[in-house]
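If you want the building blocks of each chain, they are given just below.
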Amino acid sequence: MRAGDGPPGGRGGAVAAHTALITAVGAPALVFAPGYEEPTPVLALLGCAAALSVAVAAGLTARLSTAGALLCGLLVPLACVTALAAWRPGPVPGAIPGAADALLHSGARILTTTPPAPATVDTLTLPLLATWLAGAASASALRRARPLTALLPPVALLTGAVVLAGPTDRPGHAAVAILAATAAMLLGTMAPAGSGGGPLRRPDTRTVMRTLASAAALAALAALAGPPIMADWSRRPPDPRSAARPPTASQDVVNPLSYLPAWGRRPNERLLRVRADRPVELRWVTLAEFTGQTWLPEAAYRPAGVRLPPPSPVPRRATAHTADITVEDMPGPWLPTTGYPRSVRGLAVAYDPNSGTLVARGGQSAGRRYTVTGEVPDWRPADLADALVPTDPAFQIYRELTPEPSARIRDLAVLVAGRGAPYHQAARLAEYLREHYVLDNRARGGHGYASLASFLVAPGEGRQGAGTADQFASAFAVLARAAGLPSRVVVGFGQGRPDGSGHRWIYTGDAVAWGEIYFKDVGWVPFDVIPGSRTTTGSRAAPEGAVPSARPNSRPSQRPSAGQPAGPSVSEPGYATRDGDRGTRMWTPILVAAGVGLLVSPLLVVPALRRRRTRRRLRRGAPAERILGAWAEALDALRLAGRPVPAAYTVQDVATRYPELEWLAGQVNAAGFGPRPAAGPGDAAAAADLTSTYSRTLRRSQPPLRRLLWWLDPRPLFW
């Protein structure tokens, strides 16, 4: 080992330091791994990459320059990517072509894939290479005894992992705790590099124990204080996936809602064959954008693997349903699912988590067979009675009516919805459509403003409205938006008819549409709006027990403004907040203040502890002890200035190298080996003055940033 290189303490110290560094580089894998379908293999892969990168870089930097070691070491991860392309191929077949494609497009594939992502070469290459480069850079810095520099790559890697994970994944408290602990271990035992420097001394048992205690305390602080402080933090990091354009776009086909009138007139044509663990309705397409003439489905979907993310928020009660589905003859790429899909096998799919819509990747759905497992929520009025609708601008798209509806539609929405909680308003709208209208498959279809104007009948007009299934669903969603409720339309299918062989056939006559309203902290709740079509499983029916006798009979005294619910404001009693929310709001500022205190406390505690130790060294004890304390302060100042003294140096060697300390070195030799008493109080005071002056001189010679951090550096407390 060259002088001035490597961690202190010989082989044992080097092993301990590199082990801590491997742990620090591997910690971000705890954030990367949950974003994949198979987190355990991904965690093992990135852990091995961290260990190999540090080991290879440590070996190469002993023989090559830093740049040469990094370039030569890159051959190992490139070979790993090639092996990954053969073991876990992506969209491009072949080991070499697949590896080249992954190197070019791994980042884009991660950002345009629905999490959890499949563990393939195109989604693993970026975190693998990032982990390798972080480990190699850290090992090179550690080789030159620069512990602070060695910690920067793991911190940057963890930051990138958190950003890439987005706001939906679990927080990386464990990774932060591990990184904090390893940082304490490295900073407590390593000496910084300097001119001709090297390790100051081999860490003794006391230093090791203090370092381990500090590491454990920091880890516990990060792991235990982080979750309660951040649990109710209102700000969430932006999701980088929102800025990436998904590569899979829906094909130009007729609006799926437009098929319902024709299917209603031809109800006996087969569409699907389903084998399920129990009868269940199916979701097909969600339509959120209303143009005034029609409803539009999502325009783009993200490629997905077998596992799919849950809806947000997760329903309080949901039942898993699995179905084997064979599509006979259906238009478009959309795939029917059981509730909100959680896994799909047998078919390459793309998925939109916001709408819960699934599409076949790269073609039509007709002729495809797949197995889907989904969660069907069980909604209950108790969950919704006091639920509010969100005011977040992100939900404005579900309130938009562009162009503006006619005054007749808006007045009817206000009249029917009435006042009260948002759920009661939505229930009144659904009940009004079910009780005052009839389903007529022979009627002329259409779900734009012009069709709805002739379909909707105001109370007291003396006639009963009639229309097709698409008109009922569109009328509900439009009236809900006019009343200020975020809404959308969903097209799906009923349970179908059994064929005697354990399968059920879904016919054109089973196609149906319904409306959904979004409630804060609850999610999208379906409302059955078609007369006589109430279902039994609750997958699309409004929760039972809706408000009784909700028929409107009078015009409200005040019309709500567009985009706001007709019910009470957020501050009105009974709807403003729940007791749990008040408790959360009470504790949030306390936890935030505690978190700020934890972050600020090192700025106050570290300088205070260092000042206390300096006074104890220079002012307490016998004169000989104070002279030895002054010598220790001088050596600490040299380490802080980047001029560490090699462990093999004697006191005289230090004096020869730094002549300013020659008098103090003589006093140290006299105090340690001269006749007793060798030093008096005057000598001790002179030694303290010399050390203080020398330390100030060293500090003033440093760059501005190092001067600023001089008294904030905690490492001298462990030296």
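See the structure shown above.
Scope of this entry: the structure provided in the associated data block.

How each quantity is defined
- Residues numbered from 1 in each chain as written.
- Predicted model: local features only at pLDDT ≥ 70, side-chain atom pairs only at ≥ 80, totals over all residues.
- Heavy atoms only, no water.
- Helix = DSSP H or I, 4+ residues; strand = E, 2+ residues; numbered from the N terminus.
- Buried < 20%, exposed > 50% of the residue type's maximum accessible area, 1.4 Å probe, protein only.
- Contact = heavy atoms within 4.5 Å.
- Pairing = 2+ DSSP bridges.
- Axes fitted to C-alpha atoms, helices over the stretch in contact; angles between N-to-C directions.
- Core = buried A, V, L, I, M, F, W, Y, C linked by side-chain atoms within 4.5 Å.
- Phe/Tyr/Trp six-rings, centres within 6.5 Å; stacked < 30°, edge-to-face > 60°.
- Lys NZ or Arg CZ within 6 Å of the ring centre and 35° of its normal.

On to the overall build of the protein chain. Assigned secondary structure in the protein chain consists of 22 helices and 18 strands. Residue burial in the protein chain is summarised as follows: out of 719 residues, 50% are buried. Of all intrachain contacts in the protein chain linking residues separated by at least 6 positions in sequence, the fraction that spans at least 24 positions is 77%.

This next bit is on the sheet that holds strand 14 (residues 487-493). Spatial strand order, 4-3-14-17-18: five strands in an open sheet with antiparallel pairing. Whereas interior strands pair on both sides, the edge strands pair on one side only; in this sheet they are strand 4 (295-297) and strand 18 (523-527). Strand-to-strand twist in this sheet, taken as the mean axis angle between neighbours without regard to direction, amounts to 40°. Where strand 17 (residues 511-519) and strand 18 come together, five bridges link them in antiparallel fashion. Across the sheet, F519 pairs through a bridge with G523, a residue of strand 18. Against the sheet, helix 14 (residues 422-436) engages strand 17 and strand 18, with an angle of about 30° to strand 18.

In this sheet, strand 16 (residues 504-507) lies alongside strand 2 (residues 270-276) in antiparallel orientation, the contact comprising four bridges. Note on strand 16: the bridge partner recorded for R270 is Y507.

This part covers the sheet that holds strand 16. Pairing in this open sheet of six strands is antiparallel, and the strands run 8-11-6-2-16-15 from one edge to the other. Single-partner strands in this sheet number two, and they are strand 8 (340-345) and strand 15 (497-498).

Core analysis: the largest hydrophobic core is formed by 85 residues, its most contacted members being L272, L433, L456, F493, F519 and F527. Every residue in contact with L433, bar those within four places of it in the chain, is listed here: F455, L456, F472, A475, F476, V529 and P531. A24, A29, Y36 and I110 belong to the second-largest nonpolar core, a separate cluster that totals 32 residues.

A word on the packing of aromatic side chains. Per the counting criterion, the structure on display carries 18 aromatic pairs. Their ring planes at 70° and their centres at 5.1 Å tell us that F455 and F472 sit as a pair that is edge-to-face. With F455 in helix 15 (residues 449-455) and F472 in helix 16 (residues 469-482), this pair connects stretches of sequence that are 17 residues apart. With respect to burial, F455 and F472 carry one shared label: buried. An aromatic cluster of at least three residues, connected via ring pairs, comprises Y259, W263, W284, W334 and F493. Of note, R270 hangs over the ring of W505, and the distance from its end group to the ring centre comes to 4.1 Å.

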